[in-house]
Amino acid sequence: MRDTAVMIFAAGFGTRMRHLTQDRPKPMVPVAGRPLIDHALDMVQAIAPDRIVANLHYLPHVLQAHLADTGVQTVTETGAILETGGGLRNALPLLGDGPAFTVNPDAIWTGANPLQALRAAWKPAQMDALLMCVPVAQAVGYAGQGDFAVGDDGRLQRGQGAVYGGVQIIKTDRLTEIAEDSFSLNVLWDMMLQDNRLFGITHTGRWCDVGHPEGIALAEEMLAADV
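As the structure is a prediction and not an experimental result, all values here were calculated from the model.

What counts, and where the lines are drawn
- Residues numbered from 1 in each chain as written.
- Predicted model: local features only at pLDDT ≥ 70, side-chain atom pairs only at ≥ 80, totals over all residues.
- Heavy atoms only, no water.
- Helix = DSSP H or I, 4+ residues; strand = E, 2+ residues; numbered from the N terminus.
- Rg over C-alpha atoms; globule rule 2.2 N^0.38 Å.
- Buried < 20%, exposed > 50% of the residue type's maximum accessible area, 1.4 Å probe, protein only.
- Contact = heavy atoms within 4.5 Å.
- Lys, Arg positive; Asp, Glu negative; His and termini not counted.
- Charge placed at Lys NZ, Arg CZ, Asp CG, Glu CD.
- Salt bridge = Lys/Arg side-chain N within 4 Å of Asp/Glu carboxyl O.
- Arc of directions from axis to C-beta.
- Phe/Tyr/Trp six-rings, centres within 6.5 Å; stacked < 30°, edge-to-face > 60°.

1. Re the overall build of the protein
Next up, step 1: Of regular secondary structure, the protein possesses seven helices and 14 strands.
Next up, step 2: Computed over the C-alpha atoms, the radius of gyration of the protein is 16 Å, within 12% of the 17 Å expected from 2.2 N^0.38 for a compact globule of 227 residues.
Next up, step 3: C-alpha extents for the protein along the principal axes are approximately 45 × 40 × 30 Å.
Next up, step 4: Of all 227 residues assigned to the protein, the portion counted as buried reaches 49%.
Next up, step 5: Contacts in the protein between residues at least 24 apart in sequence constitute 71% of all its contacts with a sequence separation of at least 6.
Next up, step 6: The positive charge centre, built from 16 side chains, and the negative charge centre, built from 25, are 4 Å apart in the protein.

2. What to know about the pattern of salt bridges
Next up, step 1: Considering all chains together, one arrives at ten salt bridges under this definition.
Next up, step 2: Lys171 is the salt-bridge partner of Asp128, the closest N and O atoms lying 3.5 Å from each other. You can see Asp128 sitting in the loop between helix H5 (114-121) and strand E8 (129-135) and its partner Lys171 sitting in the loop between strand E12 (162-170) and helix H6 (185-194), a full 43 residues away along the chain. Exposure class is identical for Asp128 and Lys171. Each is buried.
Next up, step 3: Its salt-bridge partner being Asp190, residue Arg158 comes within 2.9 Å of it at the nearest N-O pair.

3. Digging into H5
Next up, step 1: Every buried residue belonging to H5 is among Pro114, Leu115 and Leu118, and all of these are buried. The arc that holds every buried residue of H5, seen down its axis, measures 100°, which confines them to one face.
Next up, step 2: On the buried face of H5, the contacting elements are helix H1 (36-45), strand E6 (100-103), strand E7 (107-109), E8, E12 and strand E13 (198-202).

4. What to know about H1
Next up, step 1: Of all the ten residues making up H1, eight are buried; the element is thus mostly covered by neighbouring parts of the structure.
Next up, step 2: Those residues of H1 that fall on the buried side of the exposure criterion are Leu36, Ile37, Asp38, His39, Ala40, Leu41, Met43 and Val44.

5. Remarks on the packing of aromatic side chains
The geometry of an aromatic ring pair is captured by the separation of the ring centres together with the interplanar angle, meaning the angle of the planes.
Next up, step 1: Using the criterion set out here, one finds two aromatic pairs in the structure.
Next up, step 2: Centre to centre, the rings of Phe148 and Trp189 are 5.9 Å apart; their planes meet at 70°, and the pair counts as edge-to-face. Taken together, the residues Phe148 in strand E10 (residues 148-150) and Trp189 in helix H6 connect sequence positions 41 residues apart.
Next up, step 3: Residue Trp189 is classed as buried on the basis of its relative accessible area of 5%.
Next up, step 4: Look at Tyr164 and Trp189: their rings are 4.9 Å apart centre to centre, the planes differ by 80°, and that puts the pair in the edge-to-face class. Linking Tyr164 in strand E12 with Trp189 in helix H6, this pair joins segments that are 25 residues apart in sequence. Trp189 matches Tyr164 in its accessibility class, with the two residues each being buried.
Next up, step 5: Put simply, the rings of Phe148, Tyr164 and Trp189 pair up and form one aromatic cluster.

And the structure:
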């Protein structure tokens, strides 16, 4: 990817975080003494992207102030929240026309940088999206059976075995085909699945979802154990 753009999804309300998000957006919730957004930025800045964009919605001024000296461009969503698909499409004027990395900041990773691994594996001639998937056994605190099955050739199918970790490379041109203003990227993934162009690779380290309060302690324990 010669021209690298990264989208950080920072517009969520953090309703599962309850009291922790009364005065701050979810990406500002601290884990191991640092906001979630800073853990995400560490991963992102390691690939030296040309552009980093974050979408904001709930208490946007808090994130705007925090990101003021980071070089991150922000786009504030007003009215109804646009979800991941609508949010990505809304940010395209800042991101550009090419494929983009997207990052959900409400997760903590150990091991190899997932963005670097995705960039090394990206084959745009055959892929419309490449998702970083985490084997269920490496997903700390996760009790489900997974989102996807990863084939021997890397093609994804809906199924069991691996969790989508919230980091991917995705082509954005087909977003214009979706009529809704607010929609999940699952809509775009389903279009790619029909064309056999949705791919994934598996993370070699561990991963913890911090979208709920219990995830904070689990993520901190994971980080301490993997030092």
